[in-house]
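Take a look at the letters that make up each chain.
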Amino acid sequence: MENVTTAEQIAHAEHGHEEHELSFLQTYVFSQDHKVIGIQYAVTAMLFLLFGFSLMMLMRWSLAFPGASLPVIGNLLGQTNAPGGIMLPEFYNQLGAMHGTIMVFLGVVPLAVGGFGNFVLPLQIGAPDMAFPKLNMFSYWAFFLGGVVMIASFFAPGGAANSGWTSYAPLSVIATQGQTWWLIGMIFLITSSLLGAINFIVTAIQLRAPGLSFMRLPFFVWAQLVTAFLLLLAFPPLEAAGVLQLMDRLVGTSFFMPAGLVVTDQPLEYSGGGSPLLWQHLFWFLAHPEVYVLILPAMGIVAEIVATNTRKPLWGYKALVGSLVFLGFMSFVVWAHHMFMTGMGTTMSSFFQTTTMIISIPSVVILSALFISLYGGSIRFPVPMLFALAFLPMFGIGGLTGLPLGLSAPDLHFHDTYYVIGHFHYVVAPGTILALFAGIYHWYPKATGRVMNELLGKIHFWGSFIAMNVVFMPMFITGLAGVNRRLYDGGLEYAHAQDVLGWNVVSSYGAWALGFFQIFFIFNFFWSIRHGKQVDDNPWKATTLEWQAPSPPPHGNFTTPPEVHRGPYEYSVPGAATDFTMQGQASDPDPEPAQV
Amino acid sequence: MEIPYTVAERPDTGLNNVKLGIWLFLASEVMLFGGLFSAYILLRMGATEWPLGSTLLNVPIGTFNTAVLIGSSVTMVMAHASLKLGNFDKFRLYMGLTILLAFTFLGVKGYEYWEKITHDHLPAQNTYLAIYWTLTGLHGLHIVGGIIVNSYFWGPGSAMWRTKREQFINRVEAAGLYWHFVDLVWIFLFPVLYLL
């Protein structure tokens, strides 16, 4: 479009892109439409989530029945990974590192930000598309390539990366070739989320419909905006760290290598002078804000669903937005609470323990406001609301169990035990992932014009909700007993673990049950595309702009350019004709003319 | 519906999409180089000995290269100003000069690298050389990126001057902001690596 020269072509270009005949490839594969890209992101991310979860289901076998031969699939894993169907510790380590990497960078973030952000955000602000559609396409494909590199690394000599998702040096520097693949994959993923973050921020700031001031933005848009800033500013230091680690691995520099390292009686040929702590600082400078990248979009989704299904405005909208911005800011100054055990010094520990206690305040404000929003509402219980309601206490458990970890003294005991695993999984799995399911059930009718099946949805909800608690609750017990999180046999060799070994088996059955209940979701997701109940443009009777667009929205989104006349959550307004007043609905007569 | 504010400024933000986008991109670049400079500080603080940059590197050549880059920033400003004044030929001249100066910088840098290699001053030698190679190498990649973008606007991209004038000027301005940033990084790199 940029290089048009003849007058005819110029005229054509000025007519706008919706008149072009798009080929199949342009429509569905290399699409520049935010809705298609959003769905591409979401489906790809869900496949990665399934894959990452499958790795975990394999690991759970080794944890529950160490040394036993894995039935049926054990022999498919290859003789180098699982001779005779018995999983080797080396292979377990690969699965562990890749489970973390895939779930965080290829699953949850792309679904929450790439999927929901792309599909919902432009619709909620009344924009025709993202600000930079081409860039949007590139960021999806960079993500896709990064994912392919990560998965392909299983076939590298020595297998995939096996130094944990944190890739701590010097272990990761001397690890097998899979680690190099991991770093290259990460560079693709970082590029993707940088491009995405720029696009989201510009879109949210520049493309708001007339009348949609910042304090009229739906909470979901705020959550995506803050998330995008975190991605924009936190990821580059990890990119820097990745480059340094690549240099260490490929060129032989010593950024993360101290002098005098000896591995299996052989001194390593490194000049030394590097600092393993440097890696941890750079890594956690990203990875702590990353935690909020995982949780903020989830909070945004839950807020939308809670407001819609309680039929009343969100309680404390301004406090929510303020807390969100404060949370985003504070997330940059808490990273070293992951490093209390590294010997970085008590002054540092005290500082980061203080900031960590401070950051818990806005989190509690947000959660409390969402709880209070329920009070006095006439609550409906469609499937998305069930998931959203489950998110609240689950995230609460995840957050509260984090407090002892944020204090440097109790962290001495909890560090690197199953307690930590239980804590952050409560935040991310029964927390974020339940919220993401809520979002899928909530916006599915917008993408397809049909709702997902209610009964299958309820089976999926109750099954997942109970199974997730069966998986993660026992981890607090094993963690308190002091079982280390990285053992492939779940602590079989340790005296202090003997009393709690049984809980590993409980956890494992929970994980496999969780896998079973996802079948209902997968079936429902595809079946409902053609056979779900057809609904109108606004099946939930919600107020925000996306429900004003046709379902599914056409290219360009809105049939008439939307204009905003009111705040995002005008439910049950006294004197109004219905119990919801849409943002785009003009008052009669309009007392305030719309302002840009 | 067309995407609004691709060229015109949005009244309440005072920005168009491209300008906001490039500033955000530069913010992320600040964090990238900020991370690397922090790594430099942390490594140097922890080091038992650290060579003085001027004993290993060629300061006069580095100074010359600094002047070259600052010069290219000036010509970049002139290129953009020429477009604003509607003088396309001058734009071609100044943009061409910018690209030429960028190549000069890379050539000089290449000579320095060659000198290092022949003296066996390779990155694996010590932490100072490691950070020298990494920082200058990454900066060099940014220069290459700038050359590619600027050459596009000098050559095939300049067809937009006839079709979408405003948008073309905006794009050149964005490219200019990026180019000034790359210069700025060097202004920090030069004293840190060569002089301190």
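Residues numbered from 1 in each chain as written. Chains lettered and ligands numbered in written order. Predicted model: local features only at pLDDT ≥ 70, side-chain atom pairs only at ≥ 80, totals over all residues. Heavy atoms only, no water.

S.K.: I'd like a description of the overall build of chain A, backed by residues and values.
M.R.: Each helix and strand counted, chain A has 15 helices and 4 strands in total. Taking 2.2 N^0.38 as the reference for a compact globule, 596 residues should give roughly 25 Å; the C-alpha atoms of chain A span a radius of gyration of 25 Å, in line with that estimate. Taken over 596 residues, chain A has a buried fraction of 60%. Expressed as a percentage of contacts within chain A between residues at least 6 apart in sequence, the contacts between residues at least 24 apart total 78%. Put simply, chain A shows about 22600 Å² of open surface, and 69% of that area lies on carbon and sulfur atoms. Averaged over its 19 positive side-chain charges, chain A has a centre that lies 10 Å from the centre of its 30 negative ones. (Helix = DSSP H or I, 4+ residues; strand = E, 2+ residues; numbered from the N terminus. Rg over C-alpha atoms; globule rule 2.2 N^0.38 Å. Buried < 20%, exposed > 50% of the residue type's maximum accessible area, 1.4 Å probe, protein only. Contact = heavy atoms within 4.5 Å. Areas by Shrake-Rupley, 256 points an atom, 1.4 Å probe, with all protein chains shown as cover. Lys, Arg positive; Asp, Glu negative; His and termini not counted. Charge placed at Lys NZ, Arg CZ, Asp CG, Glu CD.)

S.K.: Account for empty space enclosed by the protein, naming residues and giving values.
M.R.: Enumeration over the complete set of coordinates arrives at 3 cavities of 30 Å³ or more. Taken together, 20 residues form the lining of the largest cavity, with A:Y41, A:V109, A:P110, A:S192 and A:S193 sitting closest to its centre. Those elements that place two or more of their residues in the lining of the largest cavity are α4 (89–124), α5 (133–152), α6 (178–206) and α7 (219–250) of chain A. Along the lines of polarity and charge, the residues of the lining of the largest cavity split into 12 nonpolar, 7 polar and 1 charged. The space that makes up the second largest cavity amounts to roughly 50 Å³. For the lining of the second largest cavity, the elements supplying multiple residues, two or more each, are α1 (17–46) and α7 (165–195) of chain B. (1 Å grid on protein atoms, 1.4 Å probe; cavity = no way out; pocket = protein on both sides within 12 Å on 5 of 7 lines; lining within 4 Å. Points joined across faces, edges and corners; volume = space filled by probe spheres on them. Nonpolar A, V, L, I, M, F, W, Y, C, P; charged D, E, K, R; others polar.)

S.K.: Requested: an account of the pattern of salt bridges, with residues and values cited.
M.R.: The final tally for this structure, using the stated rule, is 11 salt bridges over all chains. The shortest N-O distance in the salt bridge between B:D12 and A:R208 comes to 3.8 Å. Residue B:D12 is located in the segment before α1, and its partner A:R208 is located in the loop between α6 and α7; the two belong to separate chains. With a relative accessible area of 39%, B:D12 lands in the partly exposed category. Residue A:E570 is joined to A:R566 by a salt bridge in which the shortest nitrogen-to-oxygen separation is 3.2 Å. In this structure, a network of salt bridges that share partners links the residues A:R208, B:R10 and B:D12. (Salt bridge = Lys/Arg side-chain N within 4 Å of Asp/Glu carboxyl O.)

S.K.: Run through the confidence of the model for chain A, naming residues and quoting values.
M.R.: For chain A, the average pLDDT comes to 92, and 95% of its residues sit at 70 or higher. Low pLDDT, under 50, characterises residues 1–18 of chain A; the stretch is placed with 24 contacts to residues that sit more than four places away or in other chains. (pLDDT = per-residue confidence, 0-100.)

S.K.: How would you summarise the packing of helix α11 (residues 383–406) of chain A against helix α13 (residues 418–448) of chain A if you had to cite specific residues and measurements?
M.R.: All names here are of chain A. Two elements in contact, α11 and α13, have axes whose closest approach is 8 Å; the angle formed by their N-to-C orientations is 160°. Between α11 and α13, the interaxial angle falls into the category roughly antiparallel. Helix-helix and strand crossings are classified by hand; for α11 and α13 the assignment is left-handed. (Axes fitted to C-alpha atoms, helices over the stretch in contact; angles between N-to-C directions. Parallel < 35°, antiparallel > 145°, perpendicular 65-115°, else oblique. Left-handed = near helix turned anticlockwise from the far one by under 90°.)

S.K.: A description of the interface of chain B and chain A should follow, citing residues and the corresponding values.
M.R.: Contact with chain B, which involves 40 residues of that partner, is made by 52 residues of chain A. When chain B packs against chain A, close to 3800 Å² is buried across both sides, 70% of that on carbon and sulfur atoms. Looking at the side of chain B that touches chain A, the elements that each hand over two or more residues are α1, α5 (127–154) and α6 (160–163) of chain B. The greatest single-element share of the side of chain B that touches chain A, amounting to 15 residues, is contributed by α1(B). (Buried area = accessible area lost by both parts, 1.4 Å probe.)

S.K.: Describe in detail α4(A), supporting the description with residues and values.
M.R.: Residues and elements named next belong to chain A. Remark: the principal bend of α4, roughly 50°, maps to P110. Burial runs high along α4: 32 of the 36 residues are buried. A positive backbone phi angle near 70° is found at G126, which sits one or two residues after α4. (Bend = angle between axes of the 7 residues up to and from the residue.)

S.K.: A description of helix α8 (residues 276–310) of chain A should follow, citing residues and the corresponding values.
M.R.: Residue and element names in this part refer to chain A. Between the first and last C-alpha of α8 there are 51 Å, a value that for 35 residues agrees with the 51 Å anticipated at 1.5 Å per step. With 32 of its 35 residues buried, α8 lies for the most part within the structure. After α8 finishes, the residue R311 shows a positive phi value of roughly 55°. (Expected span 1.5 Å × (residues − 1).)

S.K.: So what's going on with the packing of aromatic side chains? Which residues, and what values?
M.R.: Per the counting criterion, the structure on display carries 67 aromatic pairs over all chains. Between A:F105 and A:F235 the ring centres are 6.1 Å apart and the planes differ by 45°, which places this aromatic pair in the tilted class. Of this pair, A:F105 sits in helix α4 while A:F235 sits in helix α7; the two residues are 130 residues apart in sequence, bridging distant segments of the chain. Here A:F105 and A:F235 have matching classes, each one buried. Between A:F387 and A:Y441, the aromatic rings sit 5.3 Å apart at their centres with planes inclined by 20°, giving stacked as the arrangement. Taken together, the residues span a long stretch of sequence, with A:F387 in helix α11 and A:Y441 in helix α13 at a distance of 54 residues. Residue A:F387 is classed as buried on the basis of its relative accessible area of 0%. On the basis of relative accessible area, A:Y441 is assigned to the buried category, the value being 3%. Each member of the aromatic cluster is reached from another via a ring pair, and the members are A:F387, A:F437, A:Y441, A:Y444, A:F461, A:W462, A:F465, A:F521, A:F525 and A:F526. Seen from the ring of B:W154, B:R92 lies directly overhead, with NZ or CZ sitting 4.4 Å from the centre. (Phe/Tyr/Trp six-rings, centres within 6.5 Å; stacked < 30°, edge-to-face > 60°. Lys NZ or Arg CZ within 6 Å of the ring centre and 35° of its normal.)

S.K.: Go over the environment of A:E546 with me, naming the residues and quoting the values.
M.R.: Residues and elements named next belong to chain A. By the secondary structure assignment, E546 is in the segment after β4 (533–534). C-alpha of E546 to C-alpha of S363: the two residues are 183 residues apart in sequence and 27 Å apart in space. In this structure E546 touches V120, L123, Q124, W443 and K446, once residues within four positions along its chain are discounted.

S.K.: So what about the side chain of A:T180? Which residues, and what values?
M.R.: Residues and elements named next belong to chain A. Within the secondary structure, T180 is located in helix α6. With relative accessibility at 11%, the residue T180 sits in the buried group. Sequence-distant contacts of T180, defined by excluding residues within four places in its chain, comprise L246, R249 and L250.

S.K.: Hey, could you go over the environment of A:E239 for me, with residue numbers and the actual values?
M.R.: Looking at the secondary structure, you find A:E239 in helix α7. As a C-alpha pair, A:E239 and A:Y426 span 187 residues in sequence and 28 Å in three-dimensional space. Apart from residues no more than four positions distant in its own chain, A:E239 is found in contact with A:I187, A:I190, A:T191, A:L194 and B:L32.

S.K.: Describe unusual backbone geometry, listing the residues and the values that go with them.
M.R.: Residue and element names in this part refer to chain A. Cis geometry is found at the peptide bond from A169 to P170, where omega equals 0°. For P170, the position within the fold is in the loop between α5 and α6. Residue P552 is bonded to the preceding S551 through a cis peptide linkage, with omega at -10°. Structurally, P552 is set in the segment after β4. Positive phi is not limited to glycine here, since V72 has a value of about 60°.

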